[in-house]
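Structure at a glance
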Amino acid sequence: MRKSKSPPSSPDDTEMAFYDALQNADLDRLMACWADEDDIVCIHPGGPRLLGHAAIRAAFEAVFANGTVKAHVEKVRRIDAGSTSVHSVIERVEVMGNDGPQTAWVVATNVYAKTAEGWRLVAHHASPGTRDEPVDVMAEPQVLH
């Protein structure tokens, strides 16, 4: 498996490389974004929990058999805690429908860990897609008098 020549210097670099690999159906580059751990996990929309490199690679190989995945990250929310970074993202995915190209929206969580090889993906969990762009729901702070 081919690894990038220089380690990703941030979780954002790894995230950009991951989605670029998706958009180009580049399985080796996509797998290079993942940590070299046995317990990495990936959940595709509506799919089972995939554990480890072999299961994740096989699933993306099947996805890429149908072409590229035109997923664009929007509305990133980050929580950084030392050597871990959690990104909650909205993916705008271009899909081909009966009426031509359409947009689907997926809510996903990407978890990155800082390793000796740089920042690597350790978990990707994507919700089933919707036709409508998801809205962020935030509770209003309550003031007690």
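No experiment lies behind these values; they were computed from the predicted model shown. (Residues numbered from 1 in each chain as written. Predicted model: local features only at pLDDT ≥ 70, side-chain atom pairs only at ≥ 80, totals over all residues. Heavy atoms only, no water.)

1. Considerations on the pattern of salt bridges
Taken as a whole, this structure holds six salt bridges when the rule is applied. A salt bridge links Asp 12 to Arg 78; its shortest N-O distance comes to 2.9 Å. Of the two residues, Asp 12 is situated in helix 1 (residues 11-23) and Arg 78 in strand 3 (residues 70-81); the sequence distance between them amounts to 66 residues. Here Asp 20 makes a salt bridge to Arg 29, at a shortest N to O gap of 2.2 Å. Residue classification places Asp 20 among the partly exposed residues on the basis of a relative accessible area of 32%. Taking the relative accessible area as the measure of exposure, Arg 29 reaches 28% and is therefore partly exposed. Three or more residues joined by partner-sharing salt bridges are found here, namely Asp 20, Asp 26 and Arg 29. (Salt bridge = Lys/Arg side-chain N within 4 Å of Asp/Glu carboxyl O. Helix = DSSP H or I, 4+ residues; strand = E, 2+ residues; numbered from the N terminus. Buried < 20%, exposed > 50% of the residue type's maximum accessible area, 1.4 Å probe, protein only.)

2. A few points about the packing of aromatic side chains
For the structure shown, the criterion picks out four aromatic pairs. Measuring from ring centre to ring centre gives 5.1 Å for Phe 18 and Tyr 19, while their planes differ by 90°; the resulting arrangement is edge-to-face. Here a set of aromatic residues connected by ring pairs shows up, and it is made of Phe 18, Tyr 19, Trp 34, Phe 60 and Phe 64. (Phe/Tyr/Trp six-rings, centres within 6.5 Å; stacked < 30°, edge-to-face > 60°.)

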